[in-house]
Amino acid sequence: DDDDDDDGVVKKVGEAEIGDSHINGVVDYSLWFIISHWLYQRYFGDVHFLRQEWTLVERRLISLAQCHTNEETGRLVTSEHDWVFIDWTMDGEKETALQILWWYALDC
């Protein structure tokens, strides 16, 4: 059954068109998607997996850079419809944490 193997999972993720919207509608999930792939490669060096996933990673990064970035400042911009799930800030302010994640994703 294709749904039980890794290729089936990747195909389903691709069908979800995560390159065209935030993952599950959450801005920071999109950033962690990029960061997690980089960390996985750094520690495991699984080139086969990276080749399999690369189109999704690249589409996500290009979409964020082209559609969700302030051209003058380079900062990640969110809209009122975007959800930021960051829940580990002390005062509820999420903007700084989000920009740090954006920088981290770009640095990957």
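This report concerns the structure included in the present document. (Residues numbered from 1 in each chain as written. Predicted model: local features only at pLDDT ≥ 70, side-chain atom pairs only at ≥ 80, totals over all residues. Heavy atoms only, no water.)

## Observations regarding the nonpolar core
Grouped together as the largest cluster of nonpolar side chains are 17 residues, with contacts concentrated most on Leu31, Phe33, Leu64, Leu76, Ile86 and Leu98. Those elements that provide at least two residues to this core are helix 2 (27-44), helix 3 (47-67) and helix 4 (95-107). Those residues in contact with Leu98 that sit more than four places away from it in its chain are Val27, Asp28, Leu31, Leu76, Thr78, Val84 and Ile86. (Core = buried A, V, L, I, M, F, W, Y, C linked by side-chain atoms within 4.5 Å. Buried < 20%, exposed > 50% of the residue type's maximum accessible area, 1.4 Å probe, protein only. Helix = DSSP H or I, 4+ residues; strand = E, 2+ residues; numbered from the N terminus. Contact = heavy atoms within 4.5 Å.)

## A closer look at the environment of His22
Mapped onto the secondary structure, His22 falls in the loop between helix 1 (6-15) and helix 2. Put simply, His22 and Arg60 are 38 residues apart on the chain and 8.2 Å apart in space, counted from C-alpha to C-alpha. In contact with His22, other than residues within four places in its own chain, are Val27, Ser30, Arg60, Leu64, His68 and Asp82.

## Brief notes about the packing of aromatic side chains
Inspection of the entire model under this criterion finds six aromatic pairs. Seen in terms of ring centroids, Trp38 and Tyr104 are 6.2 Å apart; in terms of plane orientation they differ by 75°. Their pairing is edge-to-face. Of the two residues, Trp38 sits in helix 2 while Tyr104 sits in helix 4, which places them 66 residues apart along the sequence. Given a relative accessible area of 29%, Trp38 falls into the partly exposed group. Between Tyr40 and Phe44 the ring centres are 5.1 Å apart and the planes differ by 35°, which places this aromatic pair in the tilted class. With Tyr40 and Phe44 both in helix 2, this residue pair falls four residues apart, about one helical turn. Judged by its relative accessible area of 30%, Tyr40 is partly exposed. The exposure class of Phe44 is exposed, given its relative accessible area of 61%. Ring-pair connections join several aromatic residues into one group, and the members of that group are Tyr29, Trp83 and Phe85. (Phe/Tyr/Trp six-rings, centres within 6.5 Å; stacked < 30°, edge-to-face > 60°.)

## Side note on the side chain of Gln41
Topologically, Gln41 is positioned in helix 2. By relative accessible area, Gln41 is classed as buried at 16%. Those residues within four positions of Gln41 in sequence are excluded, and the remaining contacts are Asp46, Val47, Phe49 and Leu50.

## With respect to the layout of surface pockets
Within this model, the largest pocket holds a volume of roughly 180 Å³. Lining the largest pocket are Ile34, His37, Trp38, Gln41, Leu50, Trp54, Val57, Glu58, Leu61, Ala105, Leu106 and Cys108. Those elements that place two or more of their residues in the lining of the largest pocket are helix 2, helix 3 and helix 4. Broken down by element, the residue count for the lining of the largest pocket peaks at five residues, all from helix 3. (1 Å grid on protein atoms, 1.4 Å probe; cavity = no way out; pocket = protein on both sides within 12 Å on 5 of 7 lines; lining within 4 Å. Points joined across faces, edges and corners; volume = space filled by probe spheres on them.)

## Section: a nonpolar patch on the surface
Residues Tyr29, Trp83 and Phe85 make up a contiguous nonpolar surface patch of about 290 Å² in total accessible area. Residue position: Phe85 is located in the loop between helix 3 and helix 4. Look at Phe85 and you get partly exposed, because its relative accessible area is 34%. (Patch = residues over 30% accessible without salt bridge, like charges linked within 9 Å, V, L, I, M, F, W, Y side chains within 5 Å. Areas by Shrake-Rupley, 256 points an atom, 1.4 Å probe, with all protein chains shown as cover. Salt bridge = Lys/Arg side-chain N within 4 Å of Asp/Glu carboxyl O.)

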